Amino acid sequence: MKRIAKGRYFGFIFWGLVLISFYSGCAAPSATTKGEKFPLMYQETPLTILVLPPINQSTAADAKEYYATTVQEVIAYWGYYVFPYEITADILKMEGIYDAELLLNMPLAKFREYFGADAVLFTTIKKWDLQYLIFASTLTVSIEAELKSTKTDQTLWKYGGTTVVDLSGGQNSGGGLAGLIAKAIVTAATTAMADYVPYARQTNYRALSTLPYGAYHPNFMTDQSMQFHDRSPQASGK
Amino acid sequence: MKPKGIVALLSGLAILVAAAGCATSNPPMYYFGDYSNSLYHTKKNPGPESIAEHSAVLEKIIEESKERNLRVPPGVCAELGYLYALQNNDKKAIELFNLEKQTYPEASILMDRLILRSETKAKPDNAPDAQIQTVSEKPQEAPGAEVQVEEKAK
C-alpha cells in the first residue's frame, strides 16, 4: 500500500491556501493600472513620507513592532525619502500622539510644517494571526495602508495586502510515525522561535506593491500602466 | 507536476518578487544590511547591548554604502546621529544630521531641528526649543543627562 507522506500533503494544502489567499479577496477583482487608480500620486509626486505609528487591530501586541521595523526599508526601495521612523515616532509620542487613529480626520498641514513631509502614511494592521496546530502552523498578516497629502489632506494612494505563511516543519519529513513526530517537533520549534521580521517585510512589500514609484526610483513616472488586480477594500482616489 | 516542484517554484518566485519589489531587474538602490532585524531586537530585548548592536549595524550600512558607491539609505545617518545624541555625544550627532541633510536636502527641516536641539543641550540655561527635549524610554538615558560636563565657550 502506498503511503503519502503527510508532510507533502500538508505542504500542498498550505501552498494551495497561499495561492487562494493571493487571488481571493473581494467578489470580483478587476484589473486596473496605477495611473488609473491613483492619478493624484502622479499629479502631486510627493517625495518625503512620514510613516505614522500603525493602528493595531490585530490580537498580537508584537505586531506593531514587526510592522514598524520593516516598513522604512520597503518605502525607501520604492524611491521615497522616508523620515527616520524611530525619531519621528519619539517626537510624536512627546506630542501625545500615540495613536494615529486620532489623526485620521485631522488636517495634516502641521506635518508639512514641522517635518517637511509631503505625505503621511497611515497603516492599519488588520490581522496578525498565528495559528498553531501540531503539524502545521500558519501566520496570517493583513495590512491596509493609505497615503495622504499634507497639502490637500486628500488620499493619494490606498491599498492592502495579506500574506499567509506556512511555518510547519517542511515538506520533506519522510513518512510514517517517525516522520510525523519529527515534523511536530520542527513545527513547534520554528513557531516558537520564528523570526517574523521577514514575513512582516514581505507583507509590507505586498501592501505597497501598487504604490507608484518615488523620485529616487529608476522607474519614476513611467509606471502608470502597471496593472494590478484591485483588491483594495474601498475605492480610493478621492 | 509534483507538489514539491510547485512549492519550489512558488518559493523562488515569492522571494524574487519580495526582493525585487518590481518587475524590472534594476541594481539594488540601497544596502540595508541587517537593519530590520537588529532594529526589531532593540524593541524585543531593549537595553544597551541591543542598541550597541544596532548602532554597529547602522555604521556598517554607512560604510558599505560608501564602498559600493551607493547613497546611504534614507534616515540611516539621522537614526545613528539620534542614538549618539541620546548618549550625549552631540558632536557626532550633529555631524551625522548634517550628513543626512547633505545626502537628502529634503530632510533639512527635521535635521535642522535635531541639530538645534543637540546644540542647545550644551547650554542648559539658553534653551529656546526646550519643549522638544526627549524623554526617551531607552534605559541608558538618565533624566538629568542634559547637563553637560564640558561647557562650550561662547
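In this text, all values refer to a predicted model and were calculated from it rather than measured experimentally. (Residues numbered from 1 in each chain as written. Chains lettered and ligands numbered in written order. Predicted model: local features only at pLDDT ≥ 70, side-chain atom pairs only at ≥ 80, totals over all residues. Heavy atoms only, no water.)

### Side note on the overall build of chain A
Thought 1: From N to C terminus, chain A includes 8 helices and 8 strands.
Thought 2: For chain A, buried positions account for 53% of its 238 residues.
Thought 3: If you take every contact in chain A between residues at least 6 apart in sequence, the share linking residues at least 24 apart comes to 76%.
Thought 4: For chain A, the exposed surface amounts to about 10500 Å²; the carbon and sulfur share of it is 58%. (Helix = DSSP H or I, 4+ residues; strand = E, 2+ residues; numbered from the N terminus. Buried < 20%, exposed > 50% of the residue type's maximum accessible area, 1.4 Å probe, protein only. Contact = heavy atoms within 4.5 Å. Areas by Shrake-Rupley, 256 points an atom, 1.4 Å probe, with all protein chains shown as cover.)

### Concerning helix α5 (residues 85-94) of chain A
Thought 1: By the criterion of burial, α5 of chain A is predominantly enclosed, with 8 of the 10 residues buried.
Thought 2: Every buried residue of α5 of chain A is accounted for by Tyr85, Glu86, Ile87, Thr88, Ala89, Asp90, Ile91 and Leu92 of chain A.
Thought 3: Against β2 (48-51), α4 (63-77) and α6 (109-115) of chain A together with α2 (35-44), α4 (76-86) and α6 (108-121) of chain B lie the buried residues of α5 of chain A.
Thought 4: Downstream of α5 of chain A by one or two residues, Gly96 of chain A has phi in the positive range, about 85 degrees.

### Thoughts on the pattern of salt bridges
Thought 1: Tallied over the full model, the rule gives 9 salt bridges over all chains.
Thought 2: A salt bridge links Arg112 of chain A to Asp118 of chain A; the shortest N-O distance between them is 3.5 Å.
Thought 3: We classify Arg112 of chain A as partly exposed; its relative accessible area is 30%.
Thought 4: The salt bridge involving Arg68 of chain B is made with Glu64 of chain B; its shortest N-O contact spans 2.7 Å. (Salt bridge = Lys/Arg side-chain N within 4 Å of Asp/Glu carboxyl O.)

### A look at the nonpolar core
Thought 1: Counting 91 residues, the largest nonpolar core has Met41, Val51, Ile75, Phe115, Leu121, Trp128 and Trp157 of chain A as its most contacted members.
Thought 2: Looking at this core element by element, the count peaks at 9 residues for α4 of chain B.
Thought 3: In this structure, Trp128 of chain A is in contact with Ser58, Thr59, Ala60, Ala63, Tyr66, Leu139, Thr140, Val141, Tyr196 and Ala200 of chain A, ignoring residues within four places of it in sequence. (Core = buried A, V, L, I, M, F, W, Y, C linked by side-chain atoms within 4.5 Å.)

### Some thoughts on the pairing of strand β6 (residues 137-149) of chain A
For a regular strand, side-chain orientation follows a simple rule: the groups alternate between the two sheet faces.
Residues and elements named next belong to chain A.
Thought 1: The buried fraction of β6 is high, at 12 of 13 residues.
Thought 2: Inspection of the sheet shows strand β5 (residues 119-132) paired to β6 by 13 bridges, in the antiparallel sense. From the neighbouring strand, Trp128 faces β6, where its bridge partner is Val141.
Thought 3: The turn joining β6 and strand β7 (residues 155-166), which pair antiparallel and follow one another in sequence, is formed by 5 residues; a positive phi near 65 degrees is taken by Asp153. (Pairing = 2+ DSSP bridges.)

### A look at the confidence of the model for chain B
Do not read the predicted coordinates in detail wherever pLDDT is low.
Residues and elements named next belong to chain B.
Thought 1: Overall, the predicted model of chain B reaches an average pLDDT of 78, with 62% of residues at or above 70.
Thought 2: Element-level mean pLDDT values for chain B span from 56 in helix α1 (residues 3-20) up to 97 in helix α5 (residues 90-103).
Thought 3: Across residues 17-23, confidence stays below pLDDT 50; counting only partners more than four residues off in sequence or on other chains, it has 9 contacts.
Thought 4: pLDDT under 50 marks residues 133-154. Its contacts with residues more than four places away, or in other chains, come to 31 contacts.
Thought 5: Two numbers describe this predicted complex: its pTM, 0.73, and its ipTM, 0.74. (pLDDT = per-residue confidence, 0-100.)

### Some points on the side chain of Thr123 of chain A
All names here are of chain A.
Thought 1: By the element assignment, Thr123 lies in strand β5.
Thought 2: Using a relative accessible area of 1% as the deciding quantity, one classes Thr123 as buried.
Thought 3: A polar side-chain atom of Thr123 sits 2.6 Å from a polar atom in the side chain of Tyr67.
Thought 4: What Thr123 contacts, discounting residues up to four positions off in sequence, is Pro54, Ile55, Tyr67, Ile143, Glu144 and Ala145. (Polar contact = N/O pair within 3.5 Å; in protein donor to acceptor, adjacent residues only side chain to side chain.)

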